[in-house]
Amino acid sequence: MAIDKIQSESINLADNFAFTGTVSGAGGANTPAFEAKGSAEQTGVSDNVWTKVAMNTEIFDTNGEYDHSSNYRFTPQTAGKYFVYAMISLYGATSDQLQIANLSIWKNGSSYKYLSNNFNNSYPHNEAALFLSTAVDMNGSSDYVELYARANVLSGNVNLEPHNTLGVFGAYKIIT
């Protein structure tokens with residue numbers, strides 16, 4: 001049975017239709033895309049200092065545009081809008097000392113989107129899991145994104161946990 005014209009008042013969503021035609025202009029690929037995680041904790045990170053998160057283990061990288069060995073940055077060579085996401089856990093090296101935990105996606109060396117959790121000193125915290133996502137317009141040549149974290153503790157250093165299931169950094173091109 002061929003369908004020449006469908007009128008909205010005659011559609012029955014319970015019906016089955018055999019489709020043999022071709023659709024053009026639909027779909028697309030969400031590439032380039034990458035996802036990475038860290039291979040180990042970053043320990044002894046200075047208190048209240050923005051620190052680049054070393055996401056050095058690629059889960060996937062469709063176009064080889066994520067630097068997982070030195071800069072830990074994604075530099076897509078296709079212009080467009082990208083959905084960028086990140087998750088990490090931070091904790092104070094000493095128990096119950098975490099006051100502030102921050103996560104930031106940086107674009108071209110500056111903070112682009114920023115997340116801050118401030119903790120009430122009356123309720124001690126030691127660890128915070130943070131998730132941040134945003135859309136970023138990239139020029140397809142020199143624009144890049146990186147992941148940074150910062151924490152403030154009462155005393156001592158901070159540890160970042162970008163590994164196992166506690167951390168991820170990724171991006172993919174949004175189909176427009």
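Our structure's up above, just so we're on the same page.
Residues numbered from 1 in each chain as written. Predicted model: local features only at pLDDT ≥ 70, side-chain atom pairs only at ≥ 80, totals over all residues. Heavy atoms only, no water.

1. Re the overall build of the protein
Link 1 in the chain: Looking only at helices and strands, one finds 0 helices and 13 strands in the protein.
Link 2 in the chain: When its helices and strands are written in sequence order, the protein yields β-β-β-β-β-β-β-β-β-β-β-β-β.
Link 3 in the chain: Here the protein, with 176 residues, has 39% of them falling under the buried criterion.
Link 4 in the chain: At a minimum sequence separation of 6, the contacts of the protein that also span at least 24 residues come to 74%.
Link 5 in the chain: With the model as given, the accessible surface of the protein reaches about 9700 Å², and the carbon-plus-sulfur share is 47%. (Helix = DSSP H or I, 4+ residues; strand = E, 2+ residues; numbered from the N terminus. Buried < 20%, exposed > 50% of the residue type's maximum accessible area, 1.4 Å probe, protein only. Contact = heavy atoms within 4.5 Å. Areas by Shrake-Rupley, 256 points an atom, 1.4 Å probe, with all protein chains shown as cover.)

2. Topic: the environment of Glu-58
Link 1 in the chain: Locating Glu-58 in the fold gives a position in strand S4 (residues 57–61).
Link 2 in the chain: Here the alpha-carbon distance between Glu-58 and His-68, two residues 10 residues apart in the chain, equals 6.7 Å.
Link 3 in the chain: In this structure Glu-58 touches Glu-35, Ala-36, Tyr-66 and His-68, once residues within four positions along its chain are discounted.

3. Brief notes about the packing of aromatic side chains
Link 1 in the chain: For the structure shown, the criterion picks out 10 aromatic pairs.
Link 2 in the chain: Aromatic pair Phe-34 and Phe-169: ring centres 5.3 Å apart, planes at 80 degrees, arrangement edge-to-face. Of this pair, Phe-34 sits in strand S1 (residues 33–37) while Phe-169 sits in strand S13 (residues 168–173), and the two are 135 residues apart along the sequence. The same class applies to Phe-34 and to Phe-169, which are both buried.
Link 3 in the chain: Each ring, one from Trp-106 and one from Tyr-148, has its centre 3.8 Å from the other, and the planes form 20 degrees; the classification is stacked. Taken together, the residues Trp-106 in strand S8 (residues 98–107) and Tyr-148 in strand S11 (residues 145–153) connect sequence positions 42 residues apart.
Link 4 in the chain: By relative accessible area, Trp-106 is classed as buried at 14%.
Link 5 in the chain: Exposure remark for Tyr-148: the relative accessible area of 13% places this residue in the buried category. (Phe/Tyr/Trp six-rings, centres within 6.5 Å; stacked < 30°, edge-to-face > 60°.)

4. Considerations on the side chain of Glu-35
Link 1 in the chain: By secondary structure assignment, the location of Glu-35 is in strand S1.
Link 2 in the chain: In this structure, Glu-35 is buried with no salt-bridge partner, the nearest side chain bearing the opposite charge being Lys-37 at 8.8 Å.
Link 3 in the chain: One polar contact links Glu-35 to Tyr-85, side chain to side chain, over a distance of 2.4 Å.
Link 4 in the chain: Among residues more than four places away in sequence, those in contact with Glu-35 are Thr-57, Glu-58, Ile-59, Phe-60, Tyr-85, Val-168, Phe-169 and Gly-170. (Lys, Arg positive; Asp, Glu negative; His and termini not counted. Salt bridge = Lys/Arg side-chain N within 4 Å of Asp/Glu carboxyl O. Polar contact = N/O pair within 3.5 Å; in protein donor to acceptor, adjacent residues only side chain to side chain.)

5. Brief notes about the pattern of salt bridges
Link 1 in the chain: For the structure on display, the rule yields 3 salt bridges.
Link 2 in the chain: The shortest N-O distance in the salt bridge between Glu-146 and Lys-52 comes to 2.6 Å. Here Glu-146 is found in strand S11, whereas its partner Lys-52 is found in strand S3 (residues 51–52), with 94 residues between them in sequence.
Link 3 in the chain: Residue Glu-146 is classed as buried on the basis of its relative accessible area, which comes to 2%.
Link 4 in the chain: Note that Asp-143 is salt-bridged to Lys-107, the shortest N-O span being 3.8 Å.

6. Details of the side chain of Ser-104
Link 1 in the chain: In this fold, Ser-104 is placed in strand S8.
Link 2 in the chain: Judged by its relative accessible area of 0%, Ser-104 falls in the buried class.
Link 3 in the chain: Of the polar contacts made by the side chain of Ser-104, one reaches the backbone oxygen of Lys-113; its length is 3.0 Å.
Link 4 in the chain: When neighbours within four sequence positions are excluded, Ser-104 is seen to be in contact with Trp-50, Ser-111, Tyr-112, Lys-113, Tyr-114, Leu-132, Glu-146, Leu-147 and Tyr-148.

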